[in-house]
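Breakdown of the fold
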Amino acid sequence: MAKRFYVTTPIYYVSDVPHLGHAYTTIVADALARYHRLRGDDTRFLTGTDDHGQKIARLAEAASVSPRAFADKFADAYRAAWRALEISNDDFIRTTDPDHEATVQDLWRRMAEKGDIYLGDYEGWYCVPCEQFYTEKELEKGHCPVHKKPVEKVKEQSYYFRLSKYQEPLLAYYAAHPELIQPEVRRNEVMAFVRGGLQDISISRTTFQWGVPVPEAKGHVVYVWLDALTNYYSATRRPALAGFWDDDVEIVHLIGKEISRFHAVYWPAFLMSAGLRLPTTVFCHGWWTVDGEKMSKTLGNVVDPLVLSQDLGVDAFRYFILREVPLGADGDFSHEALLTRYNAELANDLGNLLNRTLGMVHKYGIVPKSNIDPFDLENRVSRYSKHMEELQPSRALEELWTLVRKGNAFIDEKAPWKPDAPRPQILGDVLELCRVLSHLLEPFLPERAVEMRRQLGLDEPAHFPSWQSRTFAPTVATPLFPRIDDDRKKELLAKWTPKREAPPASDEDQITFEQFQKLDLRVGQVLSAEPVPKAKKLLQLTIDIGTAKRQVVAGIAETYRPEELVGKKVIFLANLKPATIRGVRSEGMILAAGDEQVVALSGLDRDAAPGTKVR
Ligand code: ME8
């Protein structure tokens, strides 16, 4: 029975370009939406950006641009990334869209009319990266428990939402709707949190202005999470999603596990207060690490989904992240594993099945017939569907790969190349399998599934397959996923995982303070400078080091002219063993920045007499 299905991703902060984690949620949501369209369900898929809040306001300020210009830039980056990754969202919402802002104010008014909002004074802690208030008890040694960074003291007038009033209604709702929070571990976590007691929460800020103005309350902007969560509802008041907050719609919010409290406690409470229905399911997926480490700019291991999809194909990237971990579990991303799966499962299993089948049909020039089902297709397909309905795309893919492998084994076993083999039957059966796969793979491999159907000579768009065999005219096969050989593999790995910065010095590389103190560093003043004959890089300098005058040779002639140097104060190493360079004696060294070529001489930011010790 066709139904109405509405799936959402979190709306992402416009603080940077999207990475693996953002692409993951969006690709999973896309696969679910495509699956439901395939079934003939009336489907809507929403994603977008979270433009407001203190975090974005500060980043914009640091970049010396307006918050709007800052938000526009990254919202565009998200839009472009989703286009490149074949994301089929029906709308893209931004919290700065005027109609969204109006809905936020509407919701605020409804909650206020219910008597759920009151004015008070807030004093507590705030983590800007989380955009979240913390109580003293929740902090870990004064640090945010998520970011492990110091939190900020907030003391301002603020509107409060009576969350405490919803403790019992929420618990009753969770009990009656076990499907609301998934998977089970998150449901237990959230329920324990609510049972532990809910405090009223602050829902407005006055110390910055980058947000939706609170209705009839000058100087207050709506707390960024109330603003952001409302997006799921406000989008359904637009033409593209009109009516998708109705009671009959299956609404699935797909999110990362770190924001479960906002989606499974605050959002349902806001909706109850406003007299609106709740989502059907909040599904909290796990987190990706990269080679066992947290993804971070500092570590330089942030995975760019666009680079991988350019090099390997969008569908190969989509396949890997959908297949590698069951939805809900944490996953570890490794570039090696990506290439291994590519060769084994895409190039070998699936690519070969299609290639061999079409090759033989072409070679034997026969008209295939199919009337039996040696693959237990019907059963497998209903399991595939069940997994998709249960939000388990990795399991649905496993089911399909069982079929792919059965197809290859069937060809090996039936050996249609033998003269007495019943070729039309054998080839008809595997051809039919390829046809069905070209439909069922569409949610995961939208681009290659179209190519499969093209090679099979099917002019039908993807839809849920019927079992009647159809006549179709296969064309000559070209590899769906060309194999990656070892050379190319090395090349790709070198490109994707560039050498990290040198690790911090090991014990052997470190020196002690006593060793450092052996350096006789002093302020020196240049008294004279002249070229060294026949050495275009060198200058000969006389330096006043307070207690004496020293002659040194310095490789700075390509950066400085002699006359620029006279009078300059520099840092001088006075106890370097003397040496003779190009026939000139050199007794010490002036410190300078630059590796091969000197870029700048060391200097002092205030005046100090020649000979002053430097330490
Ligand atoms: O939280 N592994 O936005 P955000 C898996 N604006 N998923 C990851 C991930 C990782 N390492 N890193 C990020 C916000 N994600 C708010 C949401 S919704 C009303 C407001 C994904 O830009 C995951 O879906 O920080 C996570 O929940 C989301 O990106 C956080 O994106």
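Just so you know, these numbers come straight off a predicted model, no measurement behind them. (Residues numbered from 1 in each chain as written. Predicted model: local features only at pLDDT ≥ 70, side-chain atom pairs only at ≥ 80, totals over all residues. Heavy atoms only, no water.)

This brings us to unusual backbone geometry. Glycine aside, residues mostly have negative phi angles, and peptide bonds mostly take the trans form. The step from Gln 182 to Pro 183 runs through a cis peptide bond, and the omega angle for that step is -10°. Considering the arrangement of structural elements, one finds Pro 183 in the loop between strand S8 (181-182) and helix H6 (184-195). For Asp 291, which is not a glycine, the phi torsion comes out positive at approximately 45°. Tracing the chain through its elements places Asp 291 in the loop between strand S14 (288-290) and helix H10 (305-312). In this structure, Asp 376 takes a positive phi of about 60° despite not being glycine. In this fold, Asp 376 is placed in the loop between helix H12 (335-364) and helix H13 (377-389). (Helix = DSSP H or I, 4+ residues; strand = E, 2+ residues; numbered from the N terminus.)

You can see Pro 461 is positioned in the loop between helix H16 (446-456) and helix H17 (486-496). On the basis of relative accessibility, which here comes to 59%, the residue Pro 461 falls in the exposed class. Along the chain, Pro 461 and Leu 38 lie 423 residues apart, while their C-alpha atoms are 9.4 Å from each other. Setting aside anything within four residues of it in sequence, one finds Pro 461 in contact with His 439 and Arg 453. (Buried < 20%, exposed > 50% of the residue type's maximum accessible area, 1.4 Å probe, protein only. Contact = heavy atoms within 4.5 Å.)

Further remarks concern the site of the ligand. Near the ligand lie 22 residues; those nearest to it are Ile 11, Thr 25, Asp 50, Glu 258 and Trp 288. Note that a nitrogen atom of the ligand is positioned 2.8 Å from one of the backbone N or O atoms of Ile 11. One of the backbone N or O atoms of Trp 288 is found 2.9 Å from a nitrogen atom in the ligand. (Near = heavy atom within 4 Å. Polar contact = N/O pair within 3.5 Å; in protein donor to acceptor, adjacent residues only side chain to side chain.)

Time to look at the pairing of strand S4 (residues 91-94). Both faces of S4 are covered, namely the face carrying Asp 91 and Ile 93 and the face carrying Phe 92 and Arg 94. Pairing between strand S3 (residues 42-50) and S4: four bridges, direction parallel. Within S4, the residue paired with Leu 46 across the bridge is Asp 91. (Pairing = 2+ DSSP bridges.)

Another point: the side chain of Arg 522. Along the polypeptide, Arg 522 turns up in strand S16 (residues 521-532). When near neighbours in sequence (up to four residues on either side) are disregarded, Arg 522 contacts Ile 545, Thr 547, Val 570, Ile 571, Phe 572, Ala 574, Gly 611, Thr 612, Lys 613 and Val 614.

What follows concerns the sheet that holds strand S6 (residues 132-134). Spatial ordering of the open sheet is given by S6-S5-S7-S9, a layout of four strands whose pairing is antiparallel. Either end of the sheet is taken by a strand with one partner, and the two such strands are S6 and strand S9 (201-202). By the bridge criterion, ten bridges tie strand S5 (residues 117-127) to strand S7 (residues 152-161) in an arrangement that is antiparallel. Note on S7: the bridge partner recorded for Leu 119 is Tyr 159.

The next subject is the pattern of salt bridges. Scanning all chains against the criterion turns up 47 salt bridges. When the shortest N-O distance is used, the salt bridge between Asp 248 and Arg 4 registers 2.9 Å. Placement of Asp 248 in the loop between helix H8 (231-234) and strand S12 (250-256) and of Arg 4 in strand S1 (residues 4-8) is noted, with a sequence separation of 244 residues between them. Of the charged contacts in the structure, one is a salt bridge between Glu 563 and Arg 561, with a shortest N-O distance of 3.1 Å. Through salt bridges with shared partners, one network takes in Lys 3, Arg 39, Glu 250 and Glu 389. (Salt bridge = Lys/Arg side-chain N within 4 Å of Asp/Glu carboxyl O.)

Turning our attention to the domain arrangement of the protein. Domain boundaries in the protein define domain 1 (4-285), domain 2 (333-499) and domain 3 (513-601). Computed from C-alpha coordinates alone, the two centres of domain 1 and domain 2 are separated by 40 Å. Listed as interface residues are 13 residues of domain 1 and, on the opposing side, 18 residues of domain 2. On the domain 1 side of the interface with domain 2, the three residues burying the most area are Arg 34, Tyr 35 and Leu 38, jointly 44% of the side's total. (Domains from an automatic or database assignment. Buried area = accessible area lost by both parts, 1.4 Å probe.)

Here we take up the packing of aromatic side chains. Here the structure, examined in full by the defined rule, presents 30 aromatic pairs. Centroid distance Tyr 6 to Trp 245: 6.4 Å. Interplanar angle 75°. Geometry classified as edge-to-face. Taken as a pair, Tyr 6 in strand S1 and Trp 245 in the loop between H8 and S12 lie far apart in primary sequence, 239 residues in all. Note on accessibility: Tyr 6 and Trp 245 belong to one class, buried. Summarising the aromatic geometry, the rings of Tyr 122 and Tyr 160 are spaced 6.4 Å apart at their centres and angled 40° between planes, so their arrangement reads as tilted. In this pair, Tyr 122 sits in strand S5 while Tyr 160 sits in strand S7, placing the two residues 38 residues apart along the sequence. Its relative accessible area of 12% is what places Tyr 160 among the buried residues. Feature note: the residues Tyr 6, Tyr 232, Tyr 233, Phe 244, Trp 245 and Trp 267 constitute an aromatic cluster, connected by ring pairs. Here the basic side chain of Arg 39 rests over the ring of Phe 464, its NZ or CZ set 4.8 Å away from the ring centre. (Phe/Tyr/Trp six-rings, centres within 6.5 Å; stacked < 30°, edge-to-face > 60°. Lys NZ or Arg CZ within 6 Å of the ring centre and 35° of its normal.)

Once that is clear, we can look at helix H1 (residues 20-38). With 19 residues, H1 extends 26 Å from end C-alpha to end C-alpha; this agrees with the ideal 27 Å at 1.5 Å per step. In terms of burial, H1 is largely enclosed, as 18 of its 19 residues are buried. (Expected span 1.5 Å × (residues − 1).)

At a closest axis distance of 10 Å, the pairing of helix H11 (residues 314-324) and H12 adopts a crossing angle of 100°. Considering their axes alone, H11 and H12 lie roughly perpendicular with respect to each other. Contact residues: H11 offers Ala 316, Tyr 319, Phe 320, Arg 323 and Glu 324, while H12 offers Ala 337, Leu 338, Arg 341, Tyr 342, Glu 345 and Leu 346. Residues of the contact of H11 with H12, tallied by class, amount to seven nonpolar, no polar and four charged. (Axes fitted to C-alpha atoms, helices over the stretch in contact; angles between N-to-C directions. Parallel < 35°, antiparallel > 145°, perpendicular 65-115°, else oblique. Nonpolar A, V, L, I, M, F, W, Y, C, P; charged D, E, K, R; others polar.)

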